[in-house]
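# A closer look at the structure
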Amino acid sequence: LFIYGQDTKSQHYTLSICVPHGRPFHLYRLLLQYHEPELCSFLDTKKITPDSYAINWLGSLFSSHCLPEVTQALWDCYLPQADPFLMFFLMLIMLVNSKETILAQEGNSKEDIIKNLEASPSLLDSEDIEDLFSLAQYYQSKTPLSLRKMNQNLFGSSLLALKEEDIDLSQALCLPVSVPEILQANQLQQDGVRFFVVDCRPAEQYNAGHLSTAFHLDSDLMLQNPSEFSLSVKSLLEAQKQSLESGSIASGEHLCFMGSGREEEDMYMNMVLAHFLQKSKEYVSIAKGGFMALQRHLVDMNIEGLDSSYIHWIVSTSGSHSSLSSADGESLNSDGKGVKSLVNKMTFALKSKSVNVKEKMISFIENTSTPVDRISFNLPWPEKVIPDRRHVSSSDRVGKPYRGVKPVFSIGDEEECDTDEIDSSSMSDDDRKEIVNIQTWINKPDVKHHIPCNEVKETGHMFPSHLLVTTTHMYCLREIASRKGFAYIQSRQALNSVVKITSKKKHPELITFKFGNNNSAGVEISAVERYLIPNAGDATKVIKQQIMKVLDALESS
């Protein structure tokens, strides 16, 4: 056991279960994962648990590895703080400061890595202590308060038994956060931790009632429709970015995932969480108890009698008022009381499990109003895109049909993805590594139209790109993330090889170009390219017009 005092006062804090695989080390791992997921993942892969290198840190308050003068300086700063949780953040900084060195030990044995980790405090000098505490306090300010409130039983004058509802930290997928903290953090507009809440329940549950500031990410899509899931994740991150820029009440640097609160229903949400953690996304947490805990909390708060700022916590997008349920399932909003619906404030409703990205974005934005003024984002998506659904016929052009056959170019709806299509992604990236200056190419005299967009691959991955339309060709320039202002020439396609331009009904901004040629057997598709294009209607119109000019020129030649 590790006992440390509170300055000159007689009260002492006792850290319980300071033993191998004890609860403090599971908590420390969650803290490391929250702030440094890449480092945590590296140690997990090596099967290095925190107790294997930090048990002596915790048991001696670093005195086991620090010189006496360093220990004295550290204790002189630590003990007056009277904050038992500060120790966890000091331990965190030990690893954060050594991150590059640790990750560079990929080829070392587990034993060597543990030995090097354990010796980290020995590198401290007395002059480092002030910076050490400053960094620890900074990381504290970036950590949810739930870490403290949910783990008070680690400390006390006597060892307290864990309550039944306490989370088994060894089984926790990520840091849990309480519902009250989620609600209060954003409502109070504080400078500390703010949450961007991601509701991962199925669409029908979300539609029936959800936190008004929550973004919907249907976790079922991860297995059922990976491409749409990838688009939704892209949309989520863009919404988070824009909400932070606009100062919306829904904004938050910290992602908090909310499930139903029923273990069997939240299996897919746990997969989504694992996806974000595998991508080394920092500040990832889970709402303890899920939506059921939110309902119970609002019932306990007696929401009908509170200030109006609490009235619209839960909204419905199904056309009916949402309701709160008590623990035994009884509805608590009879006679129109309880949680009020904000359905009239919504421009778009989420109508199905396969709700499109545009609708989710706008629905989210429409529900992020502050108690005083509504804040919204200026989204690049058009209000409505009505594609031209008819085939191009010979009557549209002067002259004979091209090469004596009916024109094969058309623009319309794409009912479903063709399974036998040839995607340009089948080409090796090494085959299109010509690097160009984006602005130089945009300014070329033969470039008629420049269309900023995102190239969308079969996997759902998106790449910021630029479509350049000349008199005869369409080029895709894919931006190089590491070289601002430069791009790869991703594809070159002759305009007379465009045989079809389609847009999905549910994703009118997702445009598919099919390229090919006509032969005796019909149209042979040679390539398929997909782009997410803002103002897709205008973009496809100018491309279509340029294609028609090419066809006219070929016919008259």
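Residues numbered from 1 in each chain as written. Predicted model: local features only at pLDDT ≥ 70, side-chain atom pairs only at ≥ 80, totals over all residues. Heavy atoms only, no water.

For the chain, the name recorded in an unreviewed UniProt entry is TBC1 domain family member 23, with Gouania willdenowi as its organism. The record held by UniProt for the chain lists under Subcellular location (unreviewed entry) the comment "Golgi apparatus, trans-Golgi network". (UniProt positions renumbered as here; feature names shortened; annotations may be inferred.)

### Observations concerning the side chain of Asp-266
Its location among the elements puts Asp-266 in the loop between strand S7 (254-258) and helix H14 (267-278). Of the side chains bearing the opposite charge, Arg-262 lies closest to the buried Asp-266, which forms no salt bridge; the N-O distance is 7.3 Å. A polar contact is formed between the side chain of Asp-266 and the backbone nitrogen of Ser-260, at a distance of 2.8 Å. (Helix = DSSP H or I, 4+ residues; strand = E, 2+ residues; numbered from the N terminus. Buried < 20%, exposed > 50% of the residue type's maximum accessible area, 1.4 Å probe, protein only. Lys, Arg positive; Asp, Glu negative; His and termini not counted. Salt bridge = Lys/Arg side-chain N within 4 Å of Asp/Glu carboxyl O. Polar contact = N/O pair within 3.5 Å; in protein donor to acceptor, adjacent residues only side chain to side chain.)

### Quick word on the environment of Leu-154
With respect to the secondary-structure elements, Leu-154 resides in the loop between helix H9 (146-149) and strand S3 (175-177). With a relative accessible area of 1%, Leu-154 lands in the buried category. Taking the C-alpha atoms as reference, Leu-154 lies 8.0 Å from Arg-23; in sequence the two are 131 residues apart.

### Brief notes about the sheet that holds strand S8 (residues 284-287)
Within the open sheet, the five strands sit side by side as S3-S8-S7-S4-S6. Their pairing is parallel. Every interior strand has two partners, whereas the edge strands, S3 and strand S6 (215-216), have only one. With five bridges connecting them, strand S4 (residues 195-199) and S7 associate as parallel partners. Note on S7: the bridge partner recorded for Phe-195 is His-254. (Pairing = 2+ DSSP bridges.)

### A few points about helix H18 (residues 536-556)
Counted at 1.5 Å a residue, the expected span for H18 with its 21 residues is 30 Å, and the 30 Å between its end C-alpha atoms agrees. Those residues of H18 that sit buried are Ala-536, Ala-539, Thr-540, Ile-543, Lys-544, Gln-546, Ile-547, Met-548, Val-550, Leu-551 and Glu-555. (Expected span 1.5 Å × (residues − 1).)

### Comments concerning the pairing of strand S18 (residues 522-532)
As paired elements, strand S12 (residues 447-456) and S18 share three bridges and run antiparallel to each other. The residue of S18 that forms the bridge with Asn-454 is Leu-532. Following strand S17 (residues 510-519), the chain reverses through two residues before pairing antiparallel with S18.

### Points about the state of the cysteines
Under the defined criterion, the tally for this structure stands at zero disulfides. In this model Cys-476 remains outside any disulfide bridge; the closest cysteine sulfur is found in Cys-453, 5.8 Å from its own. Judged by its relative accessible area of 0%, Cys-476 is buried. (Disulfide = S-S within 2.5 Å.)

### Some thoughts on the layout of surface pockets
Space inside the largest pocket adds up to approximately 630 Å³. Around the largest pocket, the lining comprises 20 residues; the ones closest to its centre are Glu-263, Asp-266, Met-269, Asn-270 and Ile-286. Elements with a minimum of two residues in the lining of the largest pocket: H14 and S8. In terms of residue count, H14 provides more of the lining of the largest pocket than any other element does, three residues in total. Taken together, the residues of the lining of the largest pocket sort by class into nine nonpolar, six polar and five charged. (1 Å grid on protein atoms, 1.4 Å probe; cavity = no way out; pocket = protein on both sides within 12 Å on 5 of 7 lines; lining within 4 Å. Points joined across faces, edges and corners; volume = space filled by probe spheres on them. Nonpolar A, V, L, I, M, F, W, Y, C, P; charged D, E, K, R; others polar.)

### Some points on the nonpolar core
Ranked by size, the top nonpolar core spans 69 residues in total, and within it Tyr-53, Phe-62 and Leu-95 carry the most contacts. A per-element tally of this core places helix H5 (residues 86-97) first, with eleven residues. Residues contacting Leu-95, with those up to four places away along its chain left out, are Tyr-28, Leu-32, Leu-39, Leu-43, Tyr-53, Trp-57, Ile-102 and Leu-117. By size, the runner-up hydrophobic cluster in this structure holds 22 residues, among which are Ile-451, Cys-476, Tyr-531 and Met-548. (Core = buried A, V, L, I, M, F, W, Y, C linked by side-chain atoms within 4.5 Å. Contact = heavy atoms within 4.5 Å.)

### As for the pattern of salt bridges
Per the stated rule, a full pass over the model turns up ten salt bridges. A salt bridge links Arg-29 to Asp-44; its shortest N-O distance comes to 2.7 Å. Here the residue Arg-29 occupies a position in helix H1 (residues 23-35), and Asp-44 occupies one in helix H2 (residues 37-45), the gap between them amounting to 15 residues. Residues participating in the shared-partner salt-bridge network are Glu-36, Glu-38 and Lys-99.

### Side note on the packing of helix H4 (residues 68-78) against helix H8 (residues 129-141)
Across the interface, H4 lies against H8 with an axial gap of 10 Å and an inter-helix angle of 40°. By the angle class used here, H4 and H8 are oblique. Considering the relative orientation of H4 and H8, their crossing is right-handed. Only Ile-129, Leu-132 and Phe-133 of H8 make contact with H4, whose side of the interface consists of Val-70, Ala-73, Leu-74, Cys-77 and Tyr-78. (Axes fitted to C-alpha atoms, helices over the stretch in contact; angles between N-to-C directions. Parallel < 35°, antiparallel > 145°, perpendicular 65-115°, else oblique. Left-handed = near helix turned anticlockwise from the far one by under 90°.)

### A closer look at helix H13 (residues 226-246)
The terminal C-alpha atoms of H13 lie 30 Å apart, and with 21 residues this matches the ideal 30 Å at 1.5 Å per residue to within 8%. Among the residues making up H13, those that are buried are Glu-228, Phe-229, Leu-231, Ser-232, Val-233, Ser-235, Leu-236, Ala-239, Gln-240, Gln-242 and Ser-243. A positive phi of about 75° marks Gly-247, the residue just after H13.

### A closer look at the environment of Lys-99
The topology assignment puts Lys-99 in helix H6 (residues 99-103). Since its relative accessible area comes to 23%, Lys-99 is described here as partly exposed. For the pair Lys-99 and Leu-39, spaced 60 residues apart in the sequence, the C-alpha separation amounts to 6.8 Å. A distance of 2.8 Å separates the side chain of Lys-99 from the side chain of Glu-36, its partner in a polar contact.

### Some details on the confidence of the model for the chain
The predicted model of the chain averages 74 in pLDDT, with 69% of residues at 70 or higher. Averaged over each element, pLDDT in the chain is lowest for strand S1 (residues 2-5) (43) and highest for S7 (95). Counted against residues more than four places away or in other chains, residues 157-165, with its pLDDT under 50, gives seven contacts. (pLDDT = per-residue confidence, 0-100.)

### Focus: the packing of helix H3 (residues 51-60) against H5
Their axes nearest at 11 Å, the elements H3 and H5 cross at an angle of 135°. Classed by the angle they form, the pair H3 and H5 counts as oblique. Classified by chirality, the crossing of H5 by H3 is right-handed. Between H3, through Tyr-53, Ala-54, Trp-57 and Leu-58, and H5, the contact on the second element is made entirely by Met-87, Met-91, Met-94 and Leu-95. In terms of residue class, the contact of H3 with H5 is made up of eight nonpolar, no polar and no charged.

### Observations concerning the packing of aromatic side chains
Across all of its chains, the model carries ten aromatic pairs by this definition. Ring geometry for Tyr-53 versus Trp-57: centroids 5.6 Å apart, planes at 65°, classification edge-to-face. You can see Tyr-53 and its partner Trp-57 sitting in helix H3, four residues apart, about one turn around the helix. Take Tyr-53: its relative accessible area is 1%, and that puts it in the buried class. Centre to centre, the rings of Phe-513 and Tyr-531 are 5.9 Å apart; their planes meet at 65°, and the pair counts as edge-to-face. Of this pair, Phe-513 sits in strand S17 while Tyr-531 sits in strand S18, and the two are 18 residues apart along the sequence. For the pair Phe-513 and Tyr-531, a shared accessibility class is recorded, and that class is buried. Sitting over the face of the ring of Phe-291, Arg-201 holds its NZ or CZ atom 3.9 Å from the ring centroid. (Phe/Tyr/Trp six-rings, centres within 6.5 Å; stacked < 30°, edge-to-face > 60°. Lys NZ or Arg CZ within 6 Å of the ring centre and 35° of its normal.)

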